[in-house]
Amino acid sequence: MPNSTQEQNLLSSYNALRAVRSPWEGWWERLRRYVLPDRRLYDELTGDTPGDAPQRLCDTTAVEACQKLASAHMSYITPGNELWFKWTSPDPAAGDEAQSWYNRCSEIANRELALSNFYTALHECFLDRVGLGTGSLYCGSTRSGRLLFRHIPCGQFVCAENDEGTIDTYMREFSFSPHQAQSRFGISALGPRARALCERAADHHGSTLRFLHIVRPREQRNRSRSTARDMAWQSIYYSMDDCCTVEESGYREMPYMVTRFLKWGESPYGLAPARLVYPDIERAQFLNRILDMLGEVAAFPRILELANQVGEVDLRAGGRTLISPESASLGFPREWATQGRYDVGMDRLRQKQESINRAFFIPMIELWSERKLQMTAAEVYARENERVMLFSPSFTLFTCDFQPLMERVFAQLFRLGRFPKPPNSALVADRRGEAAIAEPHVVYQGRIAMIMRRLQAEGMERTLTRLQSMVGLEPTLTDHIDLDTTFRLAARLDGVPEQMLRPENAVRRLRREREQALATAAGQPEPPPAADAGPVPALQPPIQPQSSIPMP
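Residues numbered from 1 in each chain as written. Predicted model: local features only at pLDDT ≥ 70, side-chain atom pairs only at ≥ 80, totals over all residues. Heavy atoms only, no water.

Caption draft 1: Inspection of the environment of E112 at higher detail. Structurally, the position occupied by E112 is in helix α3 (residues 96-115). The spacing of E112 and L147 is 35 residues in sequence and 7.4 Å in space, taken between C-alpha atoms. E112 has contacts with R146, L147, L413 and R418, leaving out every residue within four places of it along the chain. (Helix = DSSP H or I, 4+ residues; strand = E, 2+ residues; numbered from the N terminus. Contact = heavy atoms within 4.5 Å.)

Caption draft 2: Broad picture of the sheet that holds strand β5 (residues 167-176). Judged by pairing direction, the sheet is antiparallel, and its five strands sit side by side in the order β4-β5-β6-β7-β8 without closing on themselves. Two strands bound the open sheet, and with one partner strand each, they are β4 (157-161) and β8 (244-251). Averaged over all adjacent pairs, the angle separating strand axes in this sheet is 15°, with direction ignored. In the sheet, β5 pairs with strand β6 (residues 209-217) via seven bridges, with the strands oriented antiparallel. The partner of Y170 across the bridge, within β6, is V215. The sheet contacts of helix α1 (residues 5-34) involve β4, β5, β6, β7 (233-239) and β8, and relative to β4 the element is tilted by about 90°. (Pairing = 2+ DSSP bridges. Axes fitted to C-alpha atoms, helices over the stretch in contact; angles between N-to-C directions.)

Caption draft 3: Broad picture of the pattern of salt bridges. Under the definition given, this model contains 17 salt bridges. Across the pair K263 and E161 runs a salt bridge whose closest N-O atoms are separated by 2.7 Å. Of this pair, K263 sits in the loop between β9 (256-260) and α7 (273-276) while E161 sits in strand β4, and the two are 102 residues apart along the sequence. With a relative accessible area of 33%, K263 lands in the partly exposed category. The shortest N-O distance in the salt bridge between R408 and E253 comes to 3.0 Å. A residue pair is termed long-range when its members are at least 10 positions apart, and R408 in helix α12 (residues 377-415) and E253 in the loop between β8 and β9 qualify at 155 residues. Just as R408 is buried, E253 falls in that class too. If you follow the salt bridges from partner to partner, you end up with E161, R260, K263 and D401 in one network. (Salt bridge = Lys/Arg side-chain N within 4 Å of Asp/Glu carboxyl O. Buried < 20%, exposed > 50% of the residue type's maximum accessible area, 1.4 Å probe, protein only.)

Written out as structure tokens, the structure reads:
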């Protein structure tokens with residue numbers, strides 16, 4: 001039994017959230033059967049194990065479609081070989097120096113993610129997001145100071161949203177061996193059963209201990225203190241075997257991320273594309289079984305023979321069967337019941353497979369991978385816009401769900417000292433009036449994000465083209481356009497490295513030196529020097545005072 005009222009409340013909350021999750025568990029198990037068969041648990045009814053499950057599939061269209069869409073997430077949303085995101089200043093008036101600092105931090109973060117296990121864990125998370133509708137990822141740090149990520153399988157956690165629709169309560173049940181539990185919590189923090197297993201060498205690695213990790217907003221805390229028990233998020237590790245708390249601490253940011261493929265009403269769990277076409281997936285399995293049977297019958301037809309011909313009909317290739325004139329007059333032996341329409345079955349199966357592929361956005365993926373069609377750039381753009389816009393609801397939800405993880409990564413790397421010293425223009429005042437870093441906005445640079453932002457870039461190009469055609473009639477029209485800002489904005493929309501752009505101070509200095517050289521060559525007095533930067537502005541409260549990171 002729990003030892004305190006707090007522990008009883010924790011278990012009550014956990015059981016209540018499990019009851020909310022319960023209706024989804026049946027669907028997740030059905031989807032695993034046809035979409036992620038390797039992730040099925042042992043099935044007591046059929047005796048299936050994860051290794052046996054794929055052998056029972058007759059049609060793998062949904063499995064392949066899930067793998068392709070998850071890989072497309074990795075290639076076109078978070079490609080590991082590209083700068084797939086950039087942090088930007090939350091204050092548009094912060095200036096180019098702050099913007100450049102956030103961009104440099106983005107490039108450093110991309111390198112740190114590549115050095116960690118981020119992409120391995122993220123691919124597992126995307127498989128759950130695509131196949132089951134809900135994926136989850138943990139972000140922390142190793143003892144050596146590197147980022148650490150862990151995929152939390154769908155069905156092993158419960159979560160709840162606050163009134164703004166943000167995941168703010170997360171509980172997951174997991175298992176440790178006694179060796180892992182002792183390494184993580186220390187033997188003195190464990191309960192009696194766990195300590196006994198740790199003391200027996202035979203059970204050090206062979207036994208299992210169950211724990212529950214709870215992360216939720218801390219109701220009462222002293223904001224002026226930075227201890228673990230005064231952080232914004234409460235963290236509790238609870239032993240399910242010994243019914244006691246083994247660790248209580250805190251997080252400055254939410255360490256768990258939950259991403260949904262599509263929202264389903266008010267539930268915190270997501271809707272998978274396979275659920276929309278589940279009847280087609282089942283029918284594809286049935287049709288493939290029937291077609292396999294028809295193919296076998298066509299290759300090895302049924303034979304109708306007389307009773308006295310048993311054992312005399314030679315079915316081998318090139319075999320010869322001797323029959324009597326009476327048997328020949330009756331037409332025996334002969335094929336029997338082989339008139340199935342294989343072509344009709346194939347047409348129906350193809351319809352089901354196309355429906356499944358459309359649900360998993362395979363036409364969008366094939367547009368980028370196929371090389372058979374010779375299309376003009378305009379045709380490619382038109383098709384990309386059409387197909388990517390259909391994916392936009394899922395991508396928009398991804399960016400919202402991913403925001404806490406990106407904030408967590410930024411804060412972790414900042415506290416680990418990976419970023420350069422921030423300029424004054426990037427500083428804001430926290431609740432106590434002290435200097436802090438405002439949490440950045442995230443701009444995604446992957447292929448899908450770039451296509452969705454293409455309309456903005458195309459609007460800039462159309463405006464500049466129109467300006468070029470009209471400036472001959474009225475030269476002063478160029479006064480409406482800040483060309484410096486337009487060029488830098490277009491370059492960043494195109495995802496160029498930050499080192500490619502000179503800082504604005506350097507641009508102004510270069511132009512001033514050019515003017516001085518021209519003035520000297522013409523024998524004119526030099527223009528008065530201009531300041532590279534104005535005075536450092538006083539710290540202003542951030543847009544969201546609660547979203548800032550204290551300076552170390």
